[in-house]
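Single-letter residue listing:
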Amino acid sequence: MRRDSERPVTAVLGPTNTGKTHLAVERLCGHSSGMIGFPLRLLAREVYDRVVKIKGANQVALITGEEKIVPKDARWFLCTVESMPVDRDLAFVGIDEAQLGADPERGHVFTDRILRARGREETMILGSEALRPMLKALVPGIDILNRPRFSTLSYAGARKISRLPKRSAIVAFSAEEVYAVAEMLRRLRGGAAVVMGALSPRTRNAQVAMFQAGEVDYLVATDAIGMGLNMDVAHVAFASLDKFDGHRQRRLTVAEMAQIAGRAGRHQRDGTFGALVEEGPGAFTPEEVLAIEEHRFPRLDFLYWRDGDPDMASVDVLIASLETRPTERVLRAAPQSTDLAILKRLVEEGWVRDRVRSPAMVKRLWAAAGLPDFRKLGVDPHARFAGRVFGHLSEGTGHIPHTWFAEEIARLDNVAGDVETLAGRIAAARSWAYIANRPDWLADPTHWAARAAAVEERLSDALHLSLTQRFVDKRTTMLLRQIGADKAALPVTIGPEGEVMVEEHAIGRLDGFRFSVAADARHGDKRLLLAAAERRLGDERARRGETLARAEDAALAIDDSARPAILWEGLKVADLAPGPSLARPRVKLDRSLDCLERGLQARARSRLEEWLAGQIARRLPGLVALDAAQRDPAATPPLRAVAAALVGAGGIVARGGIDAAVDALDAGARKRLRVIGVTIGALDLFDQRLLKPGPARWRRMLIAAQAESAPGAAPPDGASVLARGAQGATLADGYRPLGNQAVRVDLAERIARAAHDARAGRKPFAPDPALATSIGVTPETLARLMAALGFRTAPAQEGAPRWVWRGLTRARVAPPPRDNAFAALAGLRSTHG
């Protein structure tokens, strides 16, 4: 444990937001040369960029495990603590966040730098006030300065994510938790930037730039945010207060809480902190709140130590040196870290011991064991990787084969995949970048370092894009900033195809009166986008409502592809619902018109009712006349009964069910029905016009509306006969089933007339089969029809079948006159049914 007590050492201690790092950078730049060691690669890169602007790129170096930028004239060095070249003679040396000497995993490195890293003219140790007793015990004559916080940090209580103020940072302690919080912020607040220690500097800078530029109002980060990263945060919210420290899940110490919470506020602007829950393990206790607000924390009573310059005489001597216990009272032996665990695992292999017979090879083995486990594989898998690296370093030319390096880098050079996949590739690329930055591990380290850096840059850009696409919805962010403002403040435009735009962002479509959220919006966004659009589209909908209320007939149409509906300019605006009668369906406005004020809704409904009534009157005049007849108080009861039956059946009804009413019709009523267009047949009553395709379509649609169902399938246009059971082979569709066929009702009546025209009283006769054959009626169907009409078969003779009229059995009905076969058939059907 060597230390140099002759060179002056200054400690600057205090809480976060005291400008300690800024002071160190000023002192660095004020000397002819210097170096600062930082706890994070990201922070080293941030300060490097700052110093380059002051001193110029040709005089400033950056040294981290995965990145080395060392100009030949470099005088100022920005490094991670592990990568500090402590053997350089520099005027100034600084160590940032030195209280991390109490960290079980990395603490021994910080302690070593506190003890051994010295500047020729000035050494500055930056850290928490808790470090004071350790520095006094370990660095005799140290000059300790206290830096008070520039602004006030206060507890703001627990707030749900949906109620967090803008410029908030939410801190989580695992990648899964970071992603979950970021996803929730995307849904509720339009998105968040994501910052994690595992991100490359390029990705991290791009994410922070979004936050700093105001493109997003929220930042989700791991506890890496507590290490001095320069961000304009007003409030820090803790997603939880537990973390896994590599060995166990534990609650944060008060000092750790304060380190993170202290990122809120900037310079002299006050900041606040809080949690996301009010109770339970995720909530602050009153004691913790008081300690954080007043910056009162327990002093450290020990730091972890391990020999920073171990003896490399042999591998066993090296392990013994690394496990040497400290002699100082305030130092504690560091727990076995990953590099030592890897070393021990490797020396268990006989081939490794065979190759480490010289101090130079022992040093090489220790360097391979120190290869960081960026991928978090665990000791065994990472030991295999490190062992393969050492295998190449200890044979042949002592270089890693460029073919292996090239193959692995090429495999990682793939920007496809999700956030987790890209982050995994970047972690793997960091291992190869670390290898490329060892000066003697590759034959051409400069070339391969550039190759690894290029791959990491491409992956970083892809990761930034993937993070932005996954966790930032710029459309929602912009809407949130304008929602609730004056109506004119949100520039909603509607394109010719109904696309609804807010500036350059498509938020959905307005089809008629129905607004649909953009298809790429996730479920969590829909409520927000609907709220934003609904507030702004009232005027457009009102304009459309006025246009509908004055619509020309040509703009309206009927849709019978499903349940009958009315279309306006191709969009559904109303359904047909059951009305007082089949000829008078009710118009039920589509729910999308609920957005209109009631008066405008009534006018639109009135216009649709007027159009529908006109269409029914033009296409189904007989049905409309029958509907009027059934309601006519001057009509006789039999006429009203027959008219009601016809209207209820859509203008085609079997006579068998209304015989009594038909028999009771007087001459005036029969004449009125004929004028309306009704045929009173021997088997059915019907309006022949309804058998044509156009009126038949409307008839089916009105029947479906009354039944609240979709229209039935239509029979083939112009068909005279259908196979029984075929599509439309029912009386409801105008076809009378007879045997294996269904004959169109008007043609069945024509055959009936021809049969009575051919008979001679009660004598057997053979009707001319030509008519039936031309229609397509089979002999079996004709026989069934003749039987239904009241004929019976006569004794068979040669030639066609012969028939005999069975005659009238009811004396009140006279035989039909020969010159009025239709009347005769009517009387026949009523007598013999």
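Thresholds applied
- Residues numbered from 1 in each chain as written.
- Predicted model: local features only at pLDDT ≥ 70, side-chain atom pairs only at ≥ 80, totals over all residues.
- Heavy atoms only, no water.
- Helix = DSSP H or I, 4+ residues; strand = E, 2+ residues; numbered from the N terminus.
- Buried < 20%, exposed > 50% of the residue type's maximum accessible area, 1.4 Å probe, protein only.
- Contact = heavy atoms within 4.5 Å.
- Areas by Shrake-Rupley, 256 points an atom, 1.4 Å probe, with all protein chains shown as cover.
- Polar contact = N/O pair within 3.5 Å; in protein donor to acceptor, adjacent residues only side chain to side chain.
- Pairing = 2+ DSSP bridges.
- Axes fitted to C-alpha atoms, helices over the stretch in contact; angles between N-to-C directions.
- Core = buried A, V, L, I, M, F, W, Y, C linked by side-chain atoms within 4.5 Å.
- pLDDT = per-residue confidence, 0-100.
- Phe/Tyr/Trp six-rings, centres within 6.5 Å; stacked < 30°, edge-to-face > 60°.
- Salt bridge = Lys/Arg side-chain N within 4 Å of Asp/Glu carboxyl O.

**Some words on the overall build of the protein**
Then comes step 1: For the protein, the helix and strand inventory stands at 29 helices and 34 strands.
Then comes step 2: Scored against the burial criterion, the 833 residues of the protein give a buried share of 52%.
Then comes step 3: A separation threshold of at least 6 residues defines the contact pool for the protein, and within that pool the share at least 24 residues apart is 67%.
Then comes step 4: A total accessible area of about 36800 Å² is found for the protein, and carbon and sulfur atoms account for 51% of it.

**With respect to the side chain of Gln 99**
Then comes step 1: For Gln 99, the position within the fold is in the loop between strand 6 (92–95) and helix 3 (107–116).
Then comes step 2: For Gln 99, a relative accessible area of 13% gives the class buried.
Then comes step 3: A polar atom in the side chain of Gln 99 sits 2.7 Å from the side chain of Glu 97.
Then comes step 4: Apart from residues lying up to four places away in sequence, Gln 99 is in contact with Leu 126, Gly 127, Ser 128, Leu 131, Gln 259 and Leu 300.

**Digging into the sheet that holds strand 11 (residues 193–195)**
Then comes step 1: Spatially, six strands are ordered 9-16-13-10-12-11 in an open sheet, and the strand pairing comes out parallel. At either end of the open sheet lies a strand with only one pairing partner, and these are strand 9 (153–155) and strand 11. Ignoring strand direction, the axes of neighbouring strands in this sheet form an average angle of 25°.
Then comes step 2: In the sheet, strand 10 (residues 168–171) pairs with strand 12 (residues 218–221) via four bridges, with the strands oriented parallel. What sits directly across from Ile 170, in strand 12, is Val 220.
Then comes step 3: Each of strand 10, strand 11 and strand 12 is contacted by helix 6 (residues 201–212), which is oriented at about 140° to strand 11, the strand it contacts most.

**A short note on the nonpolar core**
Then comes step 1: Counting 70 residues, the largest nonpolar core has Ile 170, Leu 343, Leu 365, Val 389, Phe 405 and Ile 435 as its most contacted members.
Then comes step 2: Among the elements that make up this core, the one with the highest residue count is helix 15 (residues 419–436) (ten residues).
Then comes step 3: When near neighbours in sequence (up to four residues on either side) are disregarded, Ile 170 contacts Leu 164, Val 181, Leu 185, Tyr 218, Leu 219, Val 220, Ala 221, Ala 237, Ala 239 and Leu 276.
Then comes step 4: Among the nonpolar cores identified, the runner-up in size contains 48 residues, and Ile 558, Ala 661, Val 678 and Met 701 belong to it.

**Overview of the pairing of strand 23 (residues 556–559)**
Then comes step 1: Burial along strand 23 is one-sided: the face carrying Leu 556 and Ile 558 is buried and the face carrying Ala 557 and Asp 559 is not.
Then comes step 2: Pairing between strand 23 and strand 24 (residues 565–568): four bridges, direction antiparallel. Bridge pairing in strand 24 links Asp 559 to Ala 565.
Then comes step 3: Following strand 23, the chain reverses through five residues before pairing antiparallel with strand 24.

**So, the confidence of the model for the protein**
Then comes step 1: On average, residues of the protein score 86 in pLDDT, and 89% of them are at 70 or above.
Then comes step 2: Note on residues 808–833: pLDDT is under 50 here. Beyond four places in sequence and across chains, it has 57 contacts.

**Here we look at the packing of aromatic side chains**
Then comes step 1: Evaluated as defined, the whole model comprises 14 aromatic pairs.
Then comes step 2: Relative to Trp 404, the ring of Phe 385 lies with its centre 6.1 Å away and its plane at 70°, an arrangement referred to as edge-to-face. Of this pair, Phe 385 sits in helix 13 (residues 379–393) while Trp 404 sits in helix 14 (residues 402–412), placing them 19 residues apart in sequence. In this pair, the class of Phe 385 matches that of Trp 404, namely buried.
Then comes step 3: Ring centres of Phe 405 and Trp 448 lie 5.2 Å apart, and the angle between their planes is 50°; on these two criteria the pair is classed as tilted. Of the two residues, Phe 405 is situated in helix 14 and Trp 448 in helix 16 (residues 445–471); the sequence distance between them amounts to 43 residues.

**Notes on the sheet that holds strand 31 (residues 735–738)**
Then comes step 1: With antiparallel pairing, the three strands of this open sheet are ordered in space as 30-32-31. Strands at the two margins of the open sheet, each flanked by one partner only, are strand 30 (721–723) and strand 31. Across the sheet, the axes of successive neighbouring strands diverge by a mean angle of 25°, strand direction being ignored.
Then comes step 2: Alignment of strand 30 against strand 32 (residues 741–744), held across three bridges, turns out to be antiparallel. Directly across from Val 721, in strand 32, lies its bridge partner Val 743.

**A short note on unusual backbone geometry**
Then comes step 1: Look at Glu 97: it is not a glycine, yet its phi comes out positive at around 55°.
Then comes step 2: Checked against the element boundaries, Glu 97 lands in the loop between strand 6 and helix 3.
Then comes step 3: Look at Glu 97 and you get buried, because its relative accessible area is 8%.
Then comes step 4: At Arg 167, a position not held by glycine, the phi torsion is positive, near 65°.
Then comes step 5: Within the fold, Arg 167 resides in the loop between strand 9 and strand 10.
Then comes step 6: Exposure remark for Arg 167: the relative accessible area of 18% places this residue in the buried category.

**Regarding the environment of Ala 193**
Then comes step 1: Relative to the elements of secondary structure, Ala 193 occurs in strand 11.
Then comes step 2: Sequence separation between Ala 193 and Leu 467 is 274 residues, and the spatial gap between their C-alpha atoms is 7.9 Å.
Then comes step 3: In this structure Ala 193 touches Gln 207, Met 210, Phe 211, Val 216, Tyr 218, Leu 219 and Val 220, once residues within four positions along its chain are discounted.

**Some points on the pattern of salt bridges**
Then comes step 1: Scanning the model with the defined rule gives 55 salt bridges in all.
Then comes step 2: Close ionic contact of Asp 316 with Arg 353 constitutes a salt bridge, the shortest N to O distance being 2.9 Å. Placement of Asp 316 in helix 9 (residues 315–322) and of Arg 353 in helix 11 (residues 350–355) is noted, with a sequence separation of 37 residues between them.
Then comes step 3: Given the relative accessible area of 43%, Asp 316 is considered partly exposed.
Then comes step 4: Taking the relative accessible area as the measure of exposure, Arg 353 reaches 35% and is therefore partly exposed.
Then comes step 5: Put simply, Asp 440 and Arg 364 hold a salt bridge, and the shortest N to O gap is 3.1 Å. Residue Asp 440 is located in the loop between helix 15 and helix 16, and its partner Arg 364 is located in helix 12 (residues 359–369); the two are separated by 76 residues in the primary sequence.
Then comes step 6: By sharing partners, the salt bridges in this structure join Arg 41, Glu 66, Arg 430 and Glu 456 into a single network.

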